[in-house]
Amino acid sequence: MFQILETAALLRLLDAASEAVRHTIETGEWSGCLWPDHPEWEAHEACIQIRSLALHYFTVRHPAADAHRHDLAAQLLASQACPQGGDMHLEVEPLVHKAILWVWAFAGGLAFPDASRSALPPSSHAADPVPLPGGDPVAFTATALTMLEALLFTGDEAAQQIAETFLRTHPDALARRALTLVNSITQQEMARVIEAGVICVDCRAEGLELWYTGQTWGETLCEACYEARVAHRQAHPHNP
């Protein structure tokens, strides 16, 4: 699972009154959730906090939706802040895969969302910011939240409109690439999505057939750039 959304931004966007969150959790009998004033709130990981807040957020905004859809949306957001990588929050079902694909496309498709062909050991670049369309992780996270909400509770057309409006205001190359990918998904032209392939975050080479990736999603390198990092001791040599 790739993690691309900013945790602090999600917590701010989902924030709500403690009593309201508590009411939603207790009424829905949601297990494993807390509310902001709970004595153990600060002791829990951000993914638990985000899931709790998101369950309230989506329940209030979409009361007619079924509880499973509320939880699916909340778990998708929680997976973005999970220190174990996020997979434990996600159910294996088509709607989850679809939502992940949309976030991947919206981010410009720097790497495939569920696979890489080589693993890069932890390096000093692990904490580097992931390149995003527009370059502002807070604005990107806010729009991604709105896009996912539209996708899960309204439909593809609404999600596409939100994504395109954001991407068209940012003329950088990654935004243009993201726009192409989003359009391809909505037109069900998956061949074009696959054709776009993977690009190197250092030299921007496209259509990589072999790449190396770090533990934070987006650190995707072609072989030459990976070897350059190894030479400069910015990455560990890969052990086949």
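Residues numbered from 1 in each chain as written. Predicted model: local features only at pLDDT ≥ 70, side-chain atom pairs only at ≥ 80, totals over all residues. Heavy atoms only, no water.

Enquirer: Break down the confidence of the model for the protein for me, citing the residues and quoting the values.
Expert: Where the model shows low pLDDT, its predicted coordinates should not be examined in detail. Confidence in the prediction for the protein averages 81 pLDDT; 75% of positions are at 70 or higher. Within the model, pLDDT remains below 50 along residues 112-127, and this stretch shows 37 contacts once partners closer than five positions in the same chain are excluded. (pLDDT = per-residue confidence, 0-100. Contact = heavy atoms within 4.5 Å.)

Enquirer: An account of the nonpolar core is requested, with residue identities and associated values reported.
Expert: One finds Leu77 and Phe140 to be the most contacted residues of the largest nonpolar core, which totals 58 residues. Listed by contribution, the elements that provide at least two residues to this core are α1 (7-14), α2 (18-28), α3 (46-61), α4 (67-79), α5 (94-106), α6 (137-153), α7 (156-168) and α8 (173-186). Here this core takes ten residues from α5, the largest share from any one element. The residues touching Phe140, leaving out its near neighbours within four places in the chain, are Ile4, Leu5, Phe106, Ala107, Leu132, Pro133 and Phe166. One finds Cys200, Cys222, Tyr226 and Ala235 within the second-largest nonpolar core, a separate group that totals six residues. (Core = buried A, V, L, I, M, F, W, Y, C linked by side-chain atoms within 4.5 Å. Buried < 20%, exposed > 50% of the residue type's maximum accessible area, 1.4 Å probe, protein only. Helix = DSSP H or I, 4+ residues; strand = E, 2+ residues; numbered from the N terminus.)

Enquirer: Give me the lowdown on α2, citing residues and values where you can.
Expert: Of the positions making up α2, those classed as buried are Ser18, Val21, Thr24 and Ile25. Down the axis of α2, the sector holding all buried residues measures 130 degrees, keeping them to one side. Facing away from the buried side of α2 by more than 90 degrees, the exposed set consists of Glu19, His23 and Thr27. Buried positions along α2 lie against α3. Positive phi shows up at Glu29, right after α2, with a value of about 55 degrees. (Arc of directions from axis to C-beta.)

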